Structures are given as structure tokens and as C-alpha cells.
Amino acid sequence: MSEKTESKKTEGKKTYKFKAEIKQLLDILAKSLYTNREIFVRELISNSTDALDKVKFESIRGTDIFQPDVDFEIKIYLDKEKKLFTITDTGIGMTKGELISNIGTIAHSGSMDFIKKLSENEGKGPDLIGQFGVGFYSVFMAAKEVVVTTRSYLKDESSWQWSSDGSGSYKIEQINENTPRGTKIEVHLKDDAEEFSEKFRIESVIKTYSNFVPFPIKLDGEQVNNISAIWREPKSSVKEKQYKEFYKFFANATEDPVGWMHFSADAPIQLNSLLFFPKTNYETLGFSPEEHGVSLFVKRVLIQNDNKDLMPKYLRFVRGVVDTEDLPLNISRETLQENAVVIKIRNLLVKRILSHLSDMAKNETDKYNEFWNQFGRILKEGYADYANQEKVASLFRYNSSHLEKENELCSLDDYIERMKEGQQNIFYLSTTSRDAADKNPHLEIFRKKEIEVLYSFDPIDEFVLSGLMKYKDKQVVSADQVDLDSLKDVKVDDESDTKKDEKEKTDKPDKKDLEKLCTRIKNILGDQIEEVRLSERLTDSPAVLVSADGGMSAQMSRIMQVMNKDAPPAKKTMEINGDHELVKNMLTMYKKNPKDKYLSNYVDQLFQVLMLQDGFLVDPHKMVSGIQSLLKDASSWYLKEKTEKEK
Ligand code: ADP
């Protein structure tokens, strides 16, 4: 993939065109993101910080670097007359190739997505820029021209200059004089962005966003930030405001975190850690989970940002810092994954985080529930962490038939506390809404026996809850797959109600007759169905489709169908309710003439309706013509009866 299109040559200077996506991005940045333009300062400082972290890391590893003795620092100079903002760092610098590939293109593969997200999430621009790797370009919100002069830390390199007005192209030329190691960025401010050459303005931006940068930031010669490793300070000396500021700085966030945990440990591993729980789940906005992780420090030196080995995937939303004495400073990033110390740190962090969340759930329930609504979907992936499974599952929250409103939540432990005498299992139903659950015939038996059912409105639970299988010795069972025998021993509070019901049903059809009807229905439906039998679970509905024993729940088989459109839906068993008017009518028809064409027609229609109710696509043309024909007949009969009565 060739990024550069050389169009014109001047002496030593070459012009390159920006890729189309960058032009589009620059356009958006320059024209539409006017609020919060100041974040370009944060972005440039953050790039300088990364560059300093990298060169410091190389120097600690003993790499032979250019100008090893210069201080690691960031300097900002302001020139009001010239409307010029200049930032320099003594970081890693860039070679010519790096200039082209790093700031001539968007390294991030999701950049087009970002542009799309920007237009979809109006007003969230500054937040989104922080989440995506497009920081440098934000400079064009305030700049009419940008000149980057840079010298790589590699000894045999030379200095290069990159310049652009942010429209269609950029220029690169070699600089003959020997510039110092690192990068200088000169920002020629737009007329309406003059404020960024004012000292008080820049100072306040640095205090807001960059106060915790671990290198000195000198503004016109004066250091303005406070470089302290806040995670190493005693908890009692850090104020709430500092935690929030640190989080915003660290996670490039504009919102406060929902919570944080600041702790140290000596055994089995020595570490200091400061971890945050964010407020918003950016994954639901389409951000890649690859962005996340925890930063690993060894003896205050940053070894790796966004390290993914320190946190299991299901806790990838946790942001923060871990600093240990127990790893060597020159550890190679490649070997971190199998490192025994890293594994121990990870186990310790997981335990601490789970118990922190558990405390939050107990003591700050509303806050936890809000957190759950954002990140529950990720946390649920932890059902497969067998070492911590019960702890993770105790953090799960669901709506339930016991609760009044759709947005209320309860835990598996709440459920167990409310289980009825004789009830052995935890029941759940994966469904789309409470309304759909209320109409689901599978739940009729549960309502009759007053057994609580957990409702999940997230398809992932089909995997999570069926994968969990057990919680505290109780089987976790989908309500549409329940084995009715397992409900036999559940004590119903007021049995007399049910008995009275039974007595009132004096016109109950004969069981043998109904069984014959079942055989006839099976004949009519043929291969579409596994079996037809009398139901003991229905009270209000005429019929229901149930999974063959050990089969999939309706939701799961729907998911399978979505994944593989050609897969036929798993065959079901149809259960009919002998007390229902429709079934009784069918039985009368059957008794008069087992081959009655209307009987076949009704059976067909009923089957289609049940499939639809379970969420399966049925042939709409067939269904519509069936219904229309029934409507036609029903209206004729109605009119006939009416005219006869009027006679
Ligand atoms: P990000 O910092 O998220 O990767 P940017 O667009 O801000 O995205 O920067 C792109 C790349 O340009 C950086 O990843 C880095 O490699 C390089 N870069 C930017 N600023 C500097 C700098 N001051 N020193 C060295 N490299 C830099």
C-alpha cells in the first residue's frame, strides 16, 4: 500500500498528498470541532510524553542513543506577536520514514469508523479524539500552518522537517544543521485562535489536562506541572479531586470515573496500584476493545501502556497503573505474557477488583447498577474464568418476574434467597422485553406455581447463563427448557386456588380423545415437528413449542439461525392445552370428521403463529394467505349467523 503520491519536487523539499481519509478528518477538525479546541495542547503534550517514555525506556535498556545526556523534558514557548505556539520534547524523535508513516497517515485502522462516529455523535468530538489515535491532527483546529522538526534518537539519523497547512498535502525536507534529539512542533495559530499564545490560557490547559505528565513541562522557562507518581503516595494524602484529575489525564477522558481503587500489596508480590472504573462504555459506540489495558511501571518507570497481560479480557474496561518492584527494569515487552510475576500480579488484581465491585454493589447499589448497565456485557464474559467463576457470577444483575419494572435489577443471590420450598434450580428466560416475557407461554407454569424467573434482554446471556450451568450448587436452567418433573416438588403457597380451578373445569375433554387429536395434528404437520403431546404447563395459551429434551432454547436456536441462515431451526415438540377453547373446538371437529379440511387449516395456522412467537421467520406469503382465508370464512359465518338471528 503506497501512501505517498509525489507530485512536485523543489530543492530537497518533496510534497506528499494526504490520504483521502485524513483530508476528510482534517476538514472535520478544522471546521466543525470549535468547542474545546484547547485539547490540541493536551494531544501534543501527550505525544511528547509518549516520545519521552519511549526514549527513557531505550536508555534504561542500555540502547546507544543520540545525545544521551540531555534531560527528559517538554518545553513550550509562546510568541504573542507572531501568534506562535511552540512545543519541544527531547523524546524519541522520528526518522523520515516514521514522519511519513506516523503523521502522514492515520495509523489507526478504524479511522474511517472514527470519522463516521464523529458525525453520528455530535458534541462528543473531544471525547472521541481522546479515544482514537488521531491526536496530532487536532492541532489543525487551531493552526493555519504546522512545522514539525524532528531528530530521531538513533545515532546515524539526521534531522527532518515536516510542514503543512492542513489542506491537501504536506512537505518534507532534510535539515542540514544538527538539531537536538526529539521533536519541535511550531503551531502558527489561526487569527481566531490567538488565545493559545497567551501564557495564562496555556497554563490553565496544562493544569486541567496534563498536570500529571511524569516529565517537567516548562512554559516560557517555568515548570508548571507537578510530576508525582500519585499511585505511590499514601492514600490519605491524595484528594478526591487529584484522583479525578489524574484519571482524566491518564485515560484522556472528559468525564469523572465512576470509582477507583488505590492500594498497595507486599505479598505475594510488591506493588502499588491505582485503578479506575470509567463511566461510559465506548465499546458500545463501536470502539475496539484493543484500546484498553493497564499501564505497567517498574520502579516508577513506564514499561508499557495498555498492557493486556495484566487484566483478563472481561475486565478490559479497567484503566490505571500498576507499579512493581519485582520485575527487572530491562524486561522485554515480548516476554511479559509468560512472566510468572506478571501472572501473579494479574491474579492479585483480579481478586481485588472483583471484591471491590462486590463492595460497591453492596454499599452503593445505584452506582453499581449504573456501572453494570454500561459494562455488564463485558463483565459477563468472565463466566468462563473458572478460577473466579462464582465471584464473577455474583456480580451479574438481571431483571426478574419478581421485580416490578423492566429497569430494576437483582442478583443471583437475591434470587436464591427468594427460591420456593422444593425449588432446585435457578430459572431464566432470554427474551427481548418484559412484554414479550409476559406473553411467553413457557412462563405460564411458572406463574401458576409462583416461581420467579430471571429475565435477560441481552442475547449474550444465552452463552453466559447456559455456559455458567451452576451457581452455588443450583443448576441454571432456561425456562423454556424446563423438565416439568423438576417443578413437581415446588410448594405452592395457596394450593386451594389450583384445586378450585381444576374442579371448575367440569367440561374437561377426555384424555384419550385429546391424545388422538395429538396424533392427528402430528400427521397434519408431518416433518415440521418432532412430536405433539398434551401440555401440563399451559393455562392461558392454546399451545406452545418446546425443545426436545437437551435441545437448545428458543433464543439460542434463533442465534444459530442468524449465524447460519441455511441451518433449519431445531425441530420442536408441540404441546397443546386441552382446556383451551380453540383446542376443544378442534377436538369437536376432529370427532365429527378426522379429515376435516378446516381442522388441517387451523393446525397449520397455529403452528405458524407459534413459530413466529418463538422468533422464527415463517413464510409470510403463506401465512398472509392463510389468515386472509380464515378472515373471509369467519366474516361469512358471522354474517350468516347474524342474518339468521334477525329472521
Ligand atoms: P497517537 O499518538 O494516538 O498514536 P497521533 O496522531 O497523535 O496518534 O500521533 C501519530 C504518531 O506520530 C504517534 O504514534 C507517534 O509515533 C508519532 N508522533 C507524534 N508526535 C510525536 C513526537 N512528539 N515525538 C515522536 N513521535 C511523535
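Shown above is the structure to which this text applies.
Residues numbered from 1 in each chain as written. Predicted model: local features only at pLDDT ≥ 70, side-chain atom pairs only at ≥ 80, totals over all residues. Heavy atoms only, no water.

What to know about the sheet that holds strand S21 (residues 529-534)
The strands making up a sheet are joined through hydrogen bonds of the backbone, oriented either antiparallel or parallel.
Line of reasoning, step 1. The three strands lie next to each other as S21-S23-S22, forming an open sheet whose pairing is mixed. Two strands in the sheet have a free side with no partner beyond their single neighbour: S21 and strand S22 (543-547). With direction set aside, neighbouring strand axes in the sheet form an average angle of 25°.
Line of reasoning, step 2. The pairing of S22 with strand S23 (residues 572-576) spans five bridges and is classified as antiparallel. Within S23, the position partnered with Val-544 by the bridge is Glu-575. (Pairing = 2+ DSSP bridges. Helix = DSSP H or I, 4+ residues; strand = E, 2+ residues; numbered from the N terminus. Axes fitted to C-alpha atoms, helices over the stretch in contact; angles between N-to-C directions.)

Focus: the pattern of salt bridges
Line of reasoning, step 1. Counting across every chain of the model gives 36 salt bridges.
Line of reasoning, step 2. Glu-325 is paired through a salt bridge with Arg-232; the nearest N and O atoms lie 2.7 Å apart. Here Glu-325 is found in the loop between strand S15 (319-324) and helix H8 (340-363), whereas its partner Arg-232 is found in the loop between strand S10 (222-223) and helix H7 (240-251), with 93 residues between them in sequence.
Line of reasoning, step 3. Of the charged contacts, one joins Asp-633 and Lys-632 as a salt bridge, the two residues approaching to 4.0 Å between their closest N and O atoms.
Line of reasoning, step 4. Classification of Asp-633 by relative accessible area gives buried; the value is 12%.
Line of reasoning, step 5. Judged by relative accessible area, Lys-632 falls into the exposed class, the value being 52%. (Salt bridge = Lys/Arg side-chain N within 4 Å of Asp/Glu carboxyl O. Buried < 20%, exposed > 50% of the residue type's maximum accessible area, 1.4 Å probe, protein only.)

Topic: the sheet that holds strand S20 (residues 474-478)
Line of reasoning, step 1. Strand order in the open sheet formed by five strands is S16-S18-S17-S20-S19, and the pairing between neighbours is mixed. For this open sheet the edge positions go to strand S16 (399-400) and strand S19 (470-471), each flanked by a neighbour on one side alone.
Line of reasoning, step 2. Note: S19 against S20, two bridges, orientation antiparallel. For Tyr-471, the partnering residue across the bridge sits in S20 and is Lys-474.
Line of reasoning, step 3. Along the sheet, helix H14 (residues 461-468) contacts strand S17 (426-430), strand S18 (454-456), S19 and S20; its crossing angle with S17, the most-contacted strand, is approximately 165°. (Contact = heavy atoms within 4.5 Å.)

Examining the environment of Val-464
Line of reasoning, step 1. With respect to the secondary-structure elements, Val-464 resides in helix H14.
Line of reasoning, step 2. Since its relative accessible area comes to 0%, Val-464 is described here as buried.
Line of reasoning, step 3. C-alpha of Val-464 to C-alpha of Tyr-383: the two residues are 81 residues apart in sequence and 6.2 Å apart in space.
Line of reasoning, step 4. Leave out the neighbours within four places in its chain, and Val-464 touches Lys-380, Tyr-383, Phe-396 and Tyr-398.

Some points on the packing of helix H16 (residues 511-525) against helix H19 (residues 597-613)
Line of reasoning, step 1. The N-to-C vectors of H16 and H19 enclose an angle of 75°; their axes lie 10 Å apart at closest approach. Of the possible angle classes, the one that applies to H16 and H19 is roughly perpendicular. Facing Leu-517, Arg-520, Ile-521, Ile-524 and Leu-525 of H16, the residues of H19 in contact are Leu-599, Ser-600, Val-603, Asp-604 and Phe-607. (Parallel < 35°, antiparallel > 145°, perpendicular 65-115°, else oblique.)

Remarks on the packing of aromatic side chains
Line of reasoning, step 1. Counted under the stated rule, the structure contains 26 aromatic pairs.
Line of reasoning, step 2. Taking 5.5 Å as the distance between ring centres and 70° as the angle between the ring planes, the aromatic pair formed by Phe-317 and Phe-371 counts as edge-to-face. A residue pair is termed long-range when its members are at least 10 positions apart, and Phe-317 in the loop between strand S14 (301-307) and S15 and Phe-371 in helix H9 (residues 365-379) qualify at 54 residues. Take Phe-317 and Phe-371: they sit in the same class, and that class is buried.
Line of reasoning, step 3. Stacked on the ring of Phe-66, the Lys or Arg Arg-151 has its end atom at 3.6 Å from the ring centre.
Line of reasoning, step 4. Between Lys-597 and the ring centre of Tyr-598, over which it is positioned, the NZ or CZ distance is 4.7 Å. (Phe/Tyr/Trp six-rings, centres within 6.5 Å; stacked < 30°, edge-to-face > 60°. Lys NZ or Arg CZ within 6 Å of the ring centre and 35° of its normal.)

Focus: the environment of Pro-459
Line of reasoning, step 1. Counting through the fold element by element, Pro-459 comes out in the loop between S18 and H14.
Line of reasoning, step 2. Residue Pro-459 is classed as partly exposed on the basis of its relative accessible area, which comes to 39%.

Points about unusual backbone geometry
Of all residues except glycine, most have a negative phi; of all peptide bonds, most are trans.
Line of reasoning, step 1. In this structure, the amide linkage connecting Ala-267 to the following residue, Pro-268, adopts the cis form with an omega of 0°.
Line of reasoning, step 2. As for its position among the elements, Pro-268 is in the loop between strand S11 (259-265) and strand S12 (271-277).
Line of reasoning, step 3. At Asp-306, a residue that is not glycine, the phi angle is positive and equals roughly 50°.
Line of reasoning, step 4. Along the chain, Asp-306 falls in strand S14.
Line of reasoning, step 5. Of note, the phi angle at Glu-450 is positive, near 55°, even though the residue is not glycine.
Line of reasoning, step 6. Within the secondary structure layout, Glu-450 lies in the loop between helix H13 (444-448) and S18.
Line of reasoning, step 7. Overall, Glu-450 belongs to the partly exposed group, its relative accessible area being 43%.

Focus: the side chain of Asn-272
Line of reasoning, step 1. Note that Asn-272 resides in strand S12.
Line of reasoning, step 2. Overall, the relative accessible area of 12% leaves Asn-272 in the buried class.
Line of reasoning, step 3. Beyond its immediate sequence surroundings of up to four residues, Asn-272 is in contact with Trp-231, Arg-232, Phe-263, Ser-264, Val-321, Val-322 and Asp-323.

Thoughts on helix H20 (residues 620-646)
Line of reasoning, step 1. With 27 residues, H20 extends 38 Å from end C-alpha to end C-alpha; this agrees with the ideal 39 Å at 1.5 Å per step.
Line of reasoning, step 2. What H20 keeps buried is the set Met-623, Gly-626, Leu-630 and Asp-633.
Line of reasoning, step 3. Check the buried side of H20 and you find it contacts H19.
Line of reasoning, step 4. Capping of H20 at its N-terminal end is provided by Asp-619; its side-chain oxygen lies 3.0 Å from the backbone amide nitrogen of His-621. (Expected span 1.5 Å × (residues − 1). Polar contact = N/O pair within 3.5 Å; in protein donor to acceptor, adjacent residues only side chain to side chain.)

Considerations on the environment of Thr-95
Line of reasoning, step 1. Mapped onto the elements, Thr-95 comes out in the loop between strand S4 (84-89) and helix H3 (96-103).
Line of reasoning, step 2. Sequence separation between Thr-95 and Ser-159 is 64 residues; the distance between their C-alpha atoms is 7.7 Å.
Line of reasoning, step 3. In contact with Thr-95, not counting residues within four places along its chain, are Ser-152, Leu-154, Glu-157 and Trp-160.

Describing H14
Line of reasoning, step 1. Taken together, the buried positions of H14 are Asp-461, Glu-462, Val-464, Leu-465 and Leu-468. Considered in projection along H14, the buried side chains sweep an arc of 170° and stay on one side of the axis.
Line of reasoning, step 2. Once H14 ends, the next one or two residues include Met-469, with phi positive near 65°. (Arc of directions from axis to C-beta.)

A word on the nonpolar core
Line of reasoning, step 1. Grouped together as the largest cluster of nonpolar side chains are 74 residues, with contacts concentrated most on Leu-315, Phe-317, Ile-353, Tyr-368, Leu-379, Phe-427 and Phe-446.
Line of reasoning, step 2. Among the elements that take part in this core, H8 stands out by supplying eleven residues, more than any other.
Line of reasoning, step 3. Counting contributing residues per domain, this core is built from domain 2 (230-373) and domain 3 (398-498), each supplying no fewer than three.
Line of reasoning, step 4. Discounting residues that sit within four places of it in the chain, Phe-427 has contacts with Tyr-415, Phe-446, Ile-451, Glu-452, Val-453, Leu-454, Val-477, Val-482 and Leu-487.
Line of reasoning, step 5. Residues Ile-22, Leu-52, Phe-246 and Leu-274 belong to the second largest nonpolar core, which totals 65 residues. (Core = buried A, V, L, I, M, F, W, Y, C linked by side-chain atoms within 4.5 Å. Domains from an automatic or database assignment.)

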